[in-house]
Structure formats: C-alpha cells, structure tokens
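What follows is each chain in one-letter form.
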Amino acid sequence: MKLSARAQRLQPSATLTITAKAKSLKAQGVDVIGFGAGEPDFDSPDHVKEEAIRAINDGMTKYTGVGGIDELKDAILHRLKEDHGLEYEKSEIIASVGAKHTLYNVMQVLFDSGDEVIVPAPYWVSYPEQIKLAEATPIILETSEDDGFKITPDSLKKHINSNTKALILNYPSNPTGATYNEDELRAIVDVAMDAGLTIISDEIYEKIIYGGIKHIPVAALGEDVKKATILVNGVSKTYSMTGWRIGYAAGDKDVISAMSKLQGQSTSNPTSISQWAAIAAFTGDHGVIDDRTKEFEQRKNYIVEKLNDIPQITCFDPQGAFYVFPNVSGYYGKEFEGKIIKDSLDFTEFILVEAKVAVVPGVAFGSDDHVRISYATSMDDIVKGMDRITEALKKLP
Ligand SMILES: *Cc1c(COP(=O)(O)O)cnc(C)c1O
C-alpha cells in the first residue's frame, strides 16, 4: 500500500532504535546498563495512585470535556499561580494526552506551509518532526557548549526573517540540561517580541532544577510576553507519571479553543482516570518531588565528575533535567578492531558493545559531537556504568 508523503517524510525516533538494540542484547542474556531512559526511574507517588483507584471506584470512567475536567484546570491554575504568580482563565487552559500531544496540537493549529519555526539545537527530538507534520519548516539555531548551550539575542536575530512565525524554547533542556536565568530570558524574549513571534515554551523540567536556581517561566516576564507565549507543561517528568499521559498548555484563548477543536476530532479528552491522578499530583504534597530532585542532583554531580575524569571527554555541568550531554568528539578518528569511530552513532555502538552500556547518539538531538546519558536510573547502575565506560575507553588511546 502506498503511504502518504507525510508518513514517508517522518523520521523514526533514534532514541527508540538504540533502546531496541540494547533490549535485544539483554534478551541474549547480556547484562546491559541502560543510560537511555527519557523518564524518571521513580514510581508515581502513592497519593496519585490512590486517587486514580478512587476515581475508578467512583465511576469516573466516562468521556469528559474535550480539554479536561474543570477540577483539573483549577488544579493547573492553582499551580501556575502558586509557583509563578501567573494568572490565567479556564478558557486559556487545555489538558491533553501528554505534553508531546499538547505540542503537536499547538503546532497543528499555529503553523502553515511557508512558516519558519526556530528550534535551538541541541533540541528535543520531536520538535522538528512535529513542525514538519504541520507543513512548516524547522530552522535550526545551533548553540555551543561555550555559550552554555544557550541561544543569544544576536544568534536569534540572525535567524529571523519575514517568514518566521515562532520560537521554541525548552528549559531546563532535554538533552543538555541547560537553563536560562531571568536576564538571559528577557534579552531573548525582547528580540522575539520585536519580531512578533509566538513563543512556544516547553517547561516540562521546571521542577527538576539544581543549585537552588528558581525556574522562571517566559510568560512571567510581563503581560505582553504572556500574551505571545504558549506555555507547555505536564505531569510526566515532575511527578514520575510518564505512563498516565497528561500534559497541558496555557495561553491565548483562541489558540486553546482551536486546539480543543482539533482534539475533539482526534483523541477527545485525555483519560478521565489520569486526569484525577494529575489533580492529586498538582495539589498534593510536593515534599517527595524535592527529595527526588536532590537525589537527581547527587547522581548528576557524580556522573559529571566521572565523565570529566576521562581524558578525551568534556562534560557541561547541567542545571536541570536528568541528562548529561558530554562532548565525545575527542574519540572521533580513533580506530578499534579495524573500524574507525567517525560520529556519535559509531561511538554509541562502541560503548554498547565494549562497555555494555546504552547511551543515545547526539545526532538524534542535532549535535553529532555529543551523546546523551540519562541518570534516571539507580546510583548502583550509574557507578557500574561509569566504571565500564571509563574502562572501555582505555581501549581507544
Ligand atoms: C518528555 C518530554 C516531553 C513529553 O512529555 P509527555 O510524557 O508527553 O508529557 C516534552 N518535552 C520534552 C523536552 C521532554 O523531555
């Protein structure tokens, strides 16, 4: 059967390819350590699970309003107000089937063919594909380690033209862990506002942030900025709730209403039971979240130190999320058993075969000099995995 041009243009997820390879090695009985995970290793909190069970027992198992129940919107409004002093109306909030789905819908209702959308690299794998699915063109804005993997007002200006419709921001970033402080954000946002851009701000890692830094949403920078911004967030990363599939957007009510129409013709509401679970997450005790972030920070500190001890690796110290993004290009050009390691895919393959550790090639995130290592796994595995990587790389003098 002939597939649509749209389907043929889609890129398979490189993160899933390496996961599949690691799985097949595991199935052969090889003891592989997985540093590929894009989700917290922690379980969903107990009060969240209990609320979901209550919702089932109380018959909360029917269709709900397309964009989520009022109680969920209230819980989202409560968090935005409490955490950031941000005030929205219910008509400016929509819940969907995970933040990935939220982002997909935002792009579908905002972009047309001919529109250009600026995506800072390294980027989360789905942005360019979702932009292309909306017939628009992703414009990749490279950042460097020297700039802390951040865009600057000048670099942004250079990528804007009359076709530029939007800027995607994601901080703390997957995969780099970089985040912006208020001054940096203001400088970037000024440029975006001058050019009349919409800002799509993916802040799903806002609570997983280190060193006492306080996350500042773009939308909190002023009423005009708030009007131009679609804030995207969800429960997956903060509350270890990836499987429940609840994300949300806050922003202009016409955009939200268009997203609701789209959702009404595709998924309808996100799962009713998950909505109740998400309410429990948003309104429940956040102590457990703080404890988990502290644990992530300890793992991060260990792994960054170990990586920087390896002669040919430099590793940027992330301020958030649960990934490190070391530069491994010092090993490119080296030969092992007749094969030259040329790029992040070859490096990843070497580490998988020689160290029995699965990491993700940076090329998937738009940077071939790097690999992504997730530390959303136990400290025992981190220690073991880092020892194995260190040993394996000694074979590449
Ligand atoms: C995980 C992730 C998402 C999507 O999360 P959902 O599980 O769909 O809510 C969105 N953006 C980034 C940067 C992520 O890492």
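Everything below is about the structure printed above this text.
Analysis parameters
Throughout, a residue's number is its position along its own chain's written sequence, starting from 1. Only residues with pLDDT of at least 70 get local features here, since the model is predicted, and only at 80 or more are side-chain atom pairs given and counted; chain-wide, interface and lining totals rely on the full set of residues. Only hydrogens and water are set aside when side-chain values are computed; all heavy atoms of the structure are taken into account. Proximity criterion: a residue is near a molecule or strand once any of its heavy atoms comes within 4 Å of it. Throughout this description, a polar contact denotes any pair of N or O atoms lying within 3.5 Å of each other; where both atoms belong to protein, one of them has to be capable of donating a hydrogen while the other can accept it, and for residues adjacent in sequence the pair is counted only when both atoms sit in side chains. With residues, only the protein chains shown are counted as cover, and all accessible areas are computed by Shrake-Rupley using a 1.4 Å probe. Amino acids are sorted into nonpolar (Ala, Val, Leu, Ile, Met, Phe, Trp, Tyr, Cys and Pro), charged (Asp, Glu, Lys and Arg) and polar (every other residue, Gly among them). In these notes, a set of buried Ala, Val, Leu, Ile, Met, Phe, Trp, Tyr and Cys residues joined through side-chain atoms within 4.5 Å is what counts as a nonpolar core. For every residue, the accessible area (1.4 Å probe, protein chains only) is compared with the maximum for its type, and the residue is labelled buried under 20%, exposed over 50%, or partly exposed between those bounds. The start and end points of each domain follow an automatic or database-based domain assignment. One bridge is not enough; two strands pair if DSSP finds at least two bridges between them. Secondary structure counts use DSSP, requiring at least four H or I residues in a row for a helix and at least two E residues in a row for a strand, with both numbered from the N terminus. Contact definition: two residues touch when any of their heavy atoms are within 4.5 Å. All axes are obtained by fitting lines to C-alpha atoms, using only the stretch in contact for helices, and the reported angles, taken between N-to-C directions, cover 0 to 180 degrees. Here a cavity means grid points, on a 1 Å grid over the protein atoms only, where a 1.4 Å probe fits yet cannot get out; a pocket means an open set of points with protein on both sides within 12 Å along at least five of seven lines; lining residues are those with an atom within 4 Å of a point. Grid points are joined across faces, edges and corners, and a volume is the space filled by probe spheres set on the points.

Visitor: Even after reading the chapter, I still don't get the site of the ligand, so can you show me in this structure?
Guide: For the ligand, the set of nearby residues contains 13 residues, the closest of which are Ala99, Asp202, Tyr205, Ser236 and Lys237. Residue Asn174 places a side-chain N or O atom 2.9 Å away from an oxygen atom belonging to the ligand. Calculation on the ligand without its partners gives an accessible area of 390 Å², and the protein chains cover 94% of this total. Classifying every residue of the shell around the ligand by side-chain character gives five nonpolar, four polar and four charged.

Visitor: Can you help me understand the nonpolar core in this one?
Guide: Across soluble globular proteins, nonpolar side chains show a tendency to be buried alongside one another. Within the largest apolar cluster, 64 residues are counted, with the highest numbers of intra-cluster contacts made by Phe35, Phe111, Phe347, Ile373, Ile389 and Leu393. Counting residues domain by domain, this core receives three or more from each of domain 1 (5–43 + 288–392) and domain 2 (62–283).

Visitor: So what exactly am I meant to see when it comes to the sheet that holds strand β13 (residues 360–361) here?
Guide: Strand-to-strand pairing in sheets goes through backbone hydrogen bonds, with the strands running parallel or antiparallel. Strand order in the open sheet formed by three strands is β9-β14-β13, and the pairing between neighbours is antiparallel. In this open sheet, the two strands that pair with only one neighbour each are β9 (323–324) and β13. Here β9 pairs with strand β14 (residues 371–374) via two bridges, running antiparallel. Counted as the bridge partner of Tyr323 is Ser374 from β14.

Visitor: Even after reading the chapter, I still don't get the side chain of Asn327, so can you show me in this structure?
Guide: Residue position: Asn327 is located in the loop between β9 and β10 (335–336). The exposure class assigned to Asn327 is buried, which follows from its relative accessible area of 13%. For Asn327, the side chain forms a polar contact with the side chain of Glu145, separated by 3.1 Å. Residues within four places of Asn327 in sequence aside, it is in contact with Glu145, Gln312, Ile313, Thr314, Asp369 and His370.

Visitor: Can you help me understand the sheet that holds strand β5 (residues 164–170) in this one?
Guide: What the seven strands build is an open sheet, ordered β2-β8-β7-β6-β5-β3-β4; its pairing is mixed. The outermost strands of the open sheet, each flanked by one partner alone, are β2 (93–96) and β4 (137–142). The mean inter-strand angle of the sheet, taken between neighbouring strand axes irrespective of direction, is 20°. Judged from the six bridges that link them, strand β3 (residues 116–121) and β4 form a sheet pairing that is parallel. If you follow Val117 over to β4, its bridge partner there is Pro138. Against the sheet, helix α10 (residues 253–264) engages β2, β7 (229–234) and β8 (247–250), with an angle of about 30° to β2.

Visitor: Please clarify how empty space enclosed by the protein should be interpreted in this entry.
Guide: Unfilled space is identified by rolling a water-sized probe across the atoms. Under the defined criterion, the tally for this structure stands at five cavities of 30 Å³ or more. Reported here for the largest cavity is a volume of approximately 150 Å³. Around the largest cavity, the lining comprises 17 residues; the ones closest to its centre are Pro120, Pro122, Asn170, Ser173 and Tyr180. Counting only elements with at least two residues in the lining of the largest cavity, the list comes to β3 and β5. A class-by-class count of the residues in the lining of the largest cavity yields 12 nonpolar, five polar and no charged. Taken as a whole, the second largest cavity encloses approximately 80 Å³ of empty space. Lining the second largest cavity are Arg79, Leu80, Asp83, Glu206, Lys207, Asn233, Gly234, Thr238, Tyr239, Tyr248 and Phe282. For the lining of the second largest cavity, the secondary structure elements donating two or more residues are α4 (70–84) and β7. Of all the elements, α4 adds the most residues to the lining of the second largest cavity, at three residues. For the lining of the second largest cavity, the class distribution of residues is four nonpolar, three polar and four charged.

No statement about biological role is implied by the geometric values presented.
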